[in-house]
Every structure is written in C-alpha cells, then in structure tokens.
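Architecture and fold: a report
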Amino acid sequence: MDFHITNELPTFEQFAKLHEDSGLLQNKKGNYTREQLYEAAKNSWYYTAFYHNNTLTAFGRMISDGVYQALICDVMVSPDMQGQGLGKKVIEELLQKCKDSGIQTVQLFSAKGKHQFYQKLGFQERDTDAPGMTILI
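All of the points below concern the structure found in this document. Values in this document were obtained by computation on a predicted structure and should not be read as measured data.

Time to look at the pairing of strand E4 (residues 69–77). Within a regular strand, side chains alternate between the sheet's two faces. When you tally the buried positions in E4, you get 8 out of 9 residues, the bulk of the element. The pairing of strand E3 (residues 55–64) with E4 spans 6 bridges and is antiparallel. Bridge pairing links arginine 61 to cysteine 73 in E4. Where E3 folds back onto E4 in an antiparallel hairpin, the turn is made up of 4 residues, including glycine 66, whose phi is positive at roughly 80°. Judged from the 4 bridges that link them, E4 and strand E5 (residues 105–108) form a sheet pairing that is parallel. Bridge pairing in E5 links alanine 70 to valine 106. Following the chain from E4 across helix H4 (residues 86–101) to the adjacent parallel E5, one finds a crossover that is right-handed.

Structure (structure tokens):
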C-alpha cells in the first residue's frame, strides 16, 4: 500500500476525524475541545502524518526542548489501517527526528492497553524508583 508521508500538520478536519476515529479522543484526561487539541498539535516541535488516497491514516507528534528531551504524543492510526505497521512507521519517523537532532532521551505516555506495542519497539517502563507521575489540575 502506498502512503504519502509529510511533516506538515494536517487540516483541522483531518486531525479531528482521525483523533476521534482512532479512539484517542476518548483516552484524553481533562476536558479539551477539538480546537484546543489541534492547537496543541500546532504547538508541537515535530509531527509526521501518513496519507493514503489523500486521507489522513496515521499521525504522531512530539514536544521537545530540541536538545536532550522529547515526549511522543498523540500517536494514532485509523482503525481500518491498524495492523499494517503504520504505528511502527510513525514511531520510527519520530525517533529518526530525535536521532538527527542528537536527542537521546525520548519518553511517551501510552494509551491504555497499548504499552506492549511500545515495548516491542524498544521502549521500557520507567524504573519503580523513578516513576513518571501526573497531576490533573
């Protein structure tokens, strides 16, 4: 299957549709509008988008200081395209940007039930004596 890959932000409509179709919208903590989530994507350090027949089928983004830390966010794949390696390709694109920029530490928050996917790609859970933490305010 042929895909067009770009590092340009999709349109709001494309982003919102994939966000909802992929189920990622339901996994968000907090009450954010689609417009706010798109604004967050616009403010990202880097993003990658995969298109098939001009339809956004996969997307991922990162926030970063551009020097030594990056956080992968909002990896999403259209349900009808899952199981074809697109999620892996999105992660590979994001990690390549980090390698090209000299960033050695990459973190992510996994959607519920997806941590094994990331483990297969080499991500490890944080040590119990140095846990990642969250506060919802």
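Among all residues save glycine, negative phi is the norm, and among peptide bonds the norm is trans. Of note in the backbone geometry, asparagine 54 takes a positive phi value of approximately 65° without being a glycine. Along the polypeptide, asparagine 54 turns up in the loop between strand E2 (46–52) and E3. Unlike most non-glycine residues, aspartate 74 shows phi in positive territory, near 50°. You can see aspartate 74 is positioned in strand E4.

Another aspect to go through is helix H1 (residues 12–21). Restricting attention to buried positions, one finds in H1 the residues Phe15, Ala16, Leu18 and His19. Taken down its axis, H1 places every buried residue within 165° of arc, on the same side. Exposed positions of H1 whose direction lies more than 90 degrees from the buried face are Glu13 and Lys17. Just past H1, the residue glycine 23 takes up positive phi, approximately 90°.

Rolling a probe over the atoms, with the probe sized like a water molecule, indicates the empty space that remains. Roughly 190 Å³ of volume is contained in the second largest pocket. Every residue lining the second largest pocket is listed: Gln14, Lys17, Leu18, Asp21, His52, Asn54, Thr55, Leu56, Thr57, Ser78, Asp80 and Met81. Elements represented by at least two residues in the lining of the second largest pocket include exactly H1 and E3. A per-element tally of the lining of the second largest pocket places H1 first, with 4 residues. A per-class count over the lining of the second largest pocket returns 3 nonpolar, 6 polar and 3 charged.

Turning our attention to the nonpolar core. Counting 19 residues, the largest nonpolar core has Met62, Ile72, Val75, Leu94, Val106 and Phe123 as its most contacted members. Broken down by secondary-structure element, the contributors of at least two residues to this core are E2, E3, E4, H4 and E5. Per-element tally for this core: the top contributor is H4, with 5 residues. The contact partners of valine 75, leaving out residues within four places of it in the chain, are Leu24, Phe59, Gly60, Val90, Ile91, Leu94 and Tyr118.

Okay, the sheet that holds E5 next. Within a sheet, neighbouring strands are paired by backbone hydrogen bonds and run either parallel or antiparallel to one another. With mixed pairing, 5 strands are arranged side by side in an open sheet as E1-E2-E3-E4-E5. Where the open sheet ends on each side, the last strands, each with one partner, are strand E1 (4–6) and E5. Pairwise comparison of adjacent strand axes, ignoring direction, gives a mean angle of 20° for this sheet. The strands that H1 touches are E2, E3 and E4; relative to E3, the one it contacts most, it runs at about 90°.

About the criteria used
- Residues numbered from 1 in each chain as written.
- Predicted model: local features only at pLDDT ≥ 70, side-chain atom pairs only at ≥ 80, totals over all residues.
- Heavy atoms only, no water.
- Buried < 20%, exposed > 50% of the residue type's maximum accessible area, 1.4 Å probe, protein only.
- Helix = DSSP H or I, 4+ residues; strand = E, 2+ residues; numbered from the N terminus.
- Pairing = 2+ DSSP bridges.
- Right-handed = clockwise from strand over helix to strand, strands pointing away.
- Arc of directions from axis to C-beta.
- 1 Å grid on protein atoms, 1.4 Å probe; cavity = no way out; pocket = protein on both sides within 12 Å on 5 of 7 lines; lining within 4 Å.
- Points joined across faces, edges and corners; volume = space filled by probe spheres on them.
- Nonpolar A, V, L, I, M, F, W, Y, C, P; charged D, E, K, R; others polar.
- Core = buried A, V, L, I, M, F, W, Y, C linked by side-chain atoms within 4.5 Å.
- Contact = heavy atoms within 4.5 Å.
- Axes fitted to C-alpha atoms, helices over the stretch in contact; angles between N-to-C directions.

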